[in-house]
Amino acid sequence: MPAAMPVVIMISGRGSNLRAIIDAIDNKLLAVRIVAVISNNAKALGLEYARLANIDIRCFNQGDYSDRESFDLAIQKGIDHYAPELVILAGYMRILSVAFVHHFQGRLMNIHPSLLPEFPGLHTHQRAIEAGVTTHGASIHFVTEELDGGPVVLQTRVDVRKIDTAETLAARVLVKEHSLYITAIRWYAEGRLVLKNDNAMLDGKKLDEPIQLDNPE
Ligand code: GRF
């Protein structure tokens, strides 16, 4: 069997996506190896999952750097040390510098809790409710310079209920986020999913529309 693809995961907080990825690897649903978890927040709760799984942890504190560029460069070097083939943003809550994004172009993936291009940025669930949409969800995309703007690969949809609050809606989206991310990472690790000339390609074909997986495995 070929060696599992090395990946780095970046988090800032709760880490439920990180935990889901660790569980999928343990359950042999995903053939990647998490070589490090990186955080901009040494107090991120999700770091506990990395500790329990004996994964290397590296924390970087923005206050130790004069600007975003030098901060991101330090993180970039920290990641390069592990030579990952994919860098997975899983609730990493800082905007990345252009140089960082360019450096990892094509091997930098993010999950965003909305049906992009709707609701980029923060507070997506509250904004979806206020906008009165009946369908909401989550998207996986390759990261480009534009915030939450890179080519979307996969989406999963969730019906918005009249009684939903941002919390209840977020909880239903989150469950689906986990399996959606695992599917995307698996496809990437299998070489099926790539970024080519700024286009997401699956099995050699350009994705003109994101793939909708309403019941991801
Ligand atoms: C998720 O909703 C993800 O879509 C967004 O940040 C949240 C992270 O959650 N980017 P967790 O830290 O993985 O639990």
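For the structure, see preceding data.
Residues numbered from 1 in each chain as written. Predicted model: local features only at pLDDT ≥ 70, side-chain atom pairs only at ≥ 80, totals over all residues. Heavy atoms only, no water.

Turning to the overall build of the protein chain, a few remarks are in order. Scanning the protein chain from N- to C-terminus turns up 6 helices and 11 strands. Across its three principal axes, the protein chain shows a C-alpha extent of roughly 45 × 40 × 35 Å. Sequence-distant contacts, at least 24 apart, represent 63% of the contacts inside the protein chain between residues at least 6 apart. Accessible surface computed for the protein chain: about 10900 Å², of which carbon and sulfur atoms make up 52%. Within the protein chain, one finds 22 positive and 26 negative side-chain charges whose respective centroids are separated by 3 Å. (Helix = DSSP H or I, 4+ residues; strand = E, 2+ residues; numbered from the N terminus. Contact = heavy atoms within 4.5 Å. Areas by Shrake-Rupley, 256 points an atom, 1.4 Å probe, with all protein chains shown as cover. Lys, Arg positive; Asp, Glu negative; His and termini not counted. Charge placed at Lys NZ, Arg CZ, Asp CG, Glu CD.)

Taken together, Arg14, Gly15, Ser16, Asn17, Gly91, Ile111, His112, Pro113 and Glu177 are the residues near the ligand. Between an oxygen atom of the ligand and a main-chain N or O atom of Gly15, the distance comes to 2.8 Å. Within the contact set of the ligand, an oxygen atom lies 2.5 Å away from a side-chain nitrogen or oxygen of Ser16. In isolation the ligand has 370 Å² of accessible area, and contact with the protein removes 88% of it. Elements represented by at least two residues in the shell around the ligand include exactly helix H1 (16-26) and strand E5 (108-112). Class assignment of the residues belonging to the shell around the ligand gives a composition of 2 nonpolar, 5 polar and 2 charged. (Near = heavy atom within 4 Å. Polar contact = N/O pair within 3.5 Å; in protein donor to acceptor, adjacent residues only side chain to side chain. Nonpolar A, V, L, I, M, F, W, Y, C, P; charged D, E, K, R; others polar.)

What follows concerns the packing of H1 against helix H6 (residues 166-189). Between H1 and H6, the least distance of the axes is 9 Å, while the angle of their chain directions is 50°. Regarding the angle of H1 to H6, the classification is oblique. Crossing handedness for the pair H1 and H6: right-handed. Two secondary-structure elements touch here, H1 through Ser16, Asn17, Arg19, Ala20, Ile21 and Ala24 and H6 through Leu174, Glu177, His178, Tyr181, Ile182 and Ile185. Tallied by class, residues from the contact of H1 with H6 come to 7 nonpolar, 3 polar and 2 charged. (Axes fitted to C-alpha atoms, helices over the stretch in contact; angles between N-to-C directions. Parallel < 35°, antiparallel > 145°, perpendicular 65-115°, else oblique. Left-handed = near helix turned anticlockwise from the far one by under 90°.)

Let us now look at the packing of aromatic side chains. Following the criterion strictly, the structure yields 3 aromatic pairs and no others. Plain terms: the ring middles of Phe100 and Phe104 are 4.9 Å apart, the flat faces sit at 55° to each other, and that makes the pair tilted. (Phe/Tyr/Trp six-rings, centres within 6.5 Å; stacked < 30°, edge-to-face > 60°.)

Let's shift gears to H1. Helical geometry: 3.6 residues make up each α-helical turn, so side chains three or four residues apart lie on a common side. When H1 is considered as a whole, its buried residues turn out to be Ser16, Asn17, Leu18, Ala20, Ile21, Ile22 and Ala24. Buried residues belonging to H1 abut strand E1 (5-11), strand E2 (32-39), helix H2 (47-52), strand E4 (86-89), E5 and H6. Note on H1: the residue one or two positions beyond its end, Lys28, has a positive phi of about 60°. (Buried < 20%, exposed > 50% of the residue type's maximum accessible area, 1.4 Å probe, protein only.)

Turning our attention to the nonpolar core. In terms of nonpolar packing, the biggest core is built from 38 residues, with Ile9, Ile34, Val37 and Met109 touching the most fellow members. It is H6 that provides the largest number of residues to this core, a total of 7 residues. Setting aside anything within four residues of it in sequence, one finds Met109 in contact with Leu86, Val87, Ile88, Leu89, Ile140, His141, Phe142, Val143, Tyr181, Ala184, Tyr188 and Leu193. Core analysis: the second largest hydrophobic core is formed by 20 residues, Phe60, Phe71, Ile79 and Tyr82 among them. (Core = buried A, V, L, I, M, F, W, Y, C linked by side-chain atoms within 4.5 Å.)

With that settled, the discussion passes to unusual backbone geometry. A cis amide bond links Leu116 with the next residue in sequence, Pro117, at an omega value of 10°. Even without a glycine there, the phi angle at Phe119 is positive, about 55°. Inspection of the secondary structure puts Phe119 in the loop between E5 and helix H5 (124-131).

For the rest of this paragraph, the subject is the layout of surface pockets. Volume-wise, the largest pocket comes out at about 1000 Å³. As for the largest pocket, its lining consists of 40 residues, of which Gly91, Tyr92, Met93, Ile111 and Pro113 are closest to the centre. Looking at the lining of the largest pocket, the elements that each hand over two or more residues are H1, helix H4 (98-103), E5, H5 and H6. For the lining of the largest pocket, the residue count by class is 19 nonpolar, 15 polar and 6 charged. (1 Å grid on protein atoms, 1.4 Å probe; cavity = no way out; pocket = protein on both sides within 12 Å on 5 of 7 lines; lining within 4 Å. Points joined across faces, edges and corners; volume = space filled by probe spheres on them.)

Turning next to the side chain of His125. Topologically, His125 is positioned in helix H5. Judged by relative accessible area, His125 falls into the buried class, the value being 13%. Among the polar contacts made by the side chain of His125, one reaches the side chain of His136 at a distance of 2.9 Å. Excluding residues that lie within four positions of it along the chain, His125 makes contacts with Pro113, His136, Ala166, Leu169, Ala170 and Val173.

Taken by themselves, the reported measurements are silent on function.
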